[in-house]
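Each chain, letter by letter, is given below.
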Amino acid sequence: RIDTAPIASCIIVVSNVRVLLDRDLADLYRVRAIALRQQVKRNRARFPADFMFQLTPREVAGLLSQSVIPRLTRRGGSMPYVFTEQGVAMLSSVLSSDRAVAVNIAIMRAFVQVRSMLATNQELSERLLELERQVASNDASITTLFDAIRQLMAIPQAGSRPIGFTADLDGAG
């Protein structure tokens, strides 16, 4: 069984789609990246644009700045291809070795793990937002409460009317 943790760390987001780079897949399958791309090109009909696409120069620049991919000179100047979850599943029909089957199973599990982690993060984010809302509304109530306590604790000014019942001793009132 292949460990999914390193695979999950290779999954990146490009144009709001979770994908794996061709070179990472080649490493996992233990084949050369050029051999992987050749197999895909020979079976191009199996890889529509929502299964696999080539990165644009702008996307490559973004990944380079994040140190996700090496400089294009290390790749012979070619733009990398990326594969969606469905594209990886289709690779199993193109690459038929026992290693490819085992890797594809591990990759499918890694994509499930990533989706689960994202769902958990979303749920935590929503709960945190609700807690922030509750604290904000409580803050206003607490501030009002402290203001009332401060008013009660304030020392009366000299010459102010005394608190409580007082007898009118001089008959003026």
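Anything mentioned here points back to the structure above.
Model, not experiment: these values are computed from the prediction. (Residues numbered from 1 in each chain as written. Predicted model: local features only at pLDDT ≥ 70, side-chain atom pairs only at ≥ 80, totals over all residues. Heavy atoms only, no water.)

1. What to know about the pattern of salt bridges
Next up, step 1: All chains considered together, the criterion is met by 2 salt bridges.
Next up, step 2: Close ionic contact of Asp24 with Arg23 constitutes a salt bridge, the shortest N to O distance being 3.9 Å.
Next up, step 3: On the basis of relative accessibility, which here comes to 10%, the residue Asp24 falls in the buried class. (Salt bridge = Lys/Arg side-chain N within 4 Å of Asp/Glu carboxyl O. Buried < 20%, exposed > 50% of the residue type's maximum accessible area, 1.4 Å probe, protein only.)

2. Observations concerning the nonpolar core
Next up, step 1: Grouped together as the largest cluster of nonpolar side chains are 24 residues, with contacts concentrated most on Leu25, Tyr29, Phe83, Val88, Leu91 and Ile107.
Next up, step 2: Every element with two or more residues in this core is listed here: helix H1 (5-10), helix H2 (22-29), helix H3 (33-42), strand E4 (81-83), helix H5 (85-94) and helix H6 (98-153).
Next up, step 3: Not counting the four nearest positions on each side in its chain, Tyr29 is found in contact with Leu36, Val88, Leu91, Leu95, Arg99, Ala100, Val103, Asn104 and Ile107. (Core = buried A, V, L, I, M, F, W, Y, C linked by side-chain atoms within 4.5 Å. Helix = DSSP H or I, 4+ residues; strand = E, 2+ residues; numbered from the N terminus. Contact = heavy atoms within 4.5 Å.)

3. Let's talk about the sheet that holds strand E3 (residues 52-54)
Next up, step 1: Ordered by their spatial adjacency, 4 strands build an open sheet running E1-E2-E4-E3, and the pairing between neighbours is antiparallel. Sheet topology places strand E1 (12-14) and E3 at the edges, where each strand pairs with a single neighbour. Neighbouring strand axes in the sheet, compared pairwise and without regard to direction, differ in orientation by 50 degrees on average.
Next up, step 2: With 2 bridges connecting them, strand E2 (residues 17-21) and E4 associate as antiparallel partners. (Pairing = 2+ DSSP bridges. Axes fitted to C-alpha atoms, helices over the stretch in contact; angles between N-to-C directions.)

4. With respect to the packing of H2 against H6
Next up, step 1: Closest axis-to-axis distance for the H2/H6 pair is 9 Å, and the angle between their directions is 125 degrees. Judged on the interaxial angle alone, H6 and H2 are oblique. Contacts between H2 and H6 involve Leu25, Leu28 and Tyr29 from the first element and Arg99, Ala100, Val103, Asn104 and Ile107 from the second.
Next up, step 2: Across the contact of H2 with H6, the residue classes tally to 6 nonpolar, 1 polar and 1 charged. (Parallel < 35°, antiparallel > 145°, perpendicular 65-115°, else oblique. Nonpolar A, V, L, I, M, F, W, Y, C, P; charged D, E, K, R; others polar.)

5. A word on a nonpolar patch on the surface
Next up, step 1: On the surface, a nonpolar cluster with roughly 500 Å² of combined accessible area is contributed by Ile142, Leu145, Phe146, Ile149 and Met153.
Next up, step 2: Position of Met153 relative to the elements: it lies in helix H6.
Next up, step 3: Taking the relative accessible area as the measure of exposure, Met153 reaches 63% and is therefore exposed. (Patch = residues over 30% accessible without salt bridge, like charges linked within 9 Å, V, L, I, M, F, W, Y side chains within 5 Å. Areas by Shrake-Rupley, 256 points an atom, 1.4 Å probe, with all protein chains shown as cover.)

6. Concerning unusual backbone geometry
Next up, step 1: Even without a glycine there, the phi angle at Asn16 is positive, about 65 degrees.
Next up, step 2: Looking at the secondary structure, you find Asn16 in the loop between E1 and E2.
Next up, step 3: You can call Asn16 exposed: its relative accessible area is 78%.
Next up, step 4: Look at Arg30: it is not a glycine, yet its phi comes out positive at around 60 degrees.

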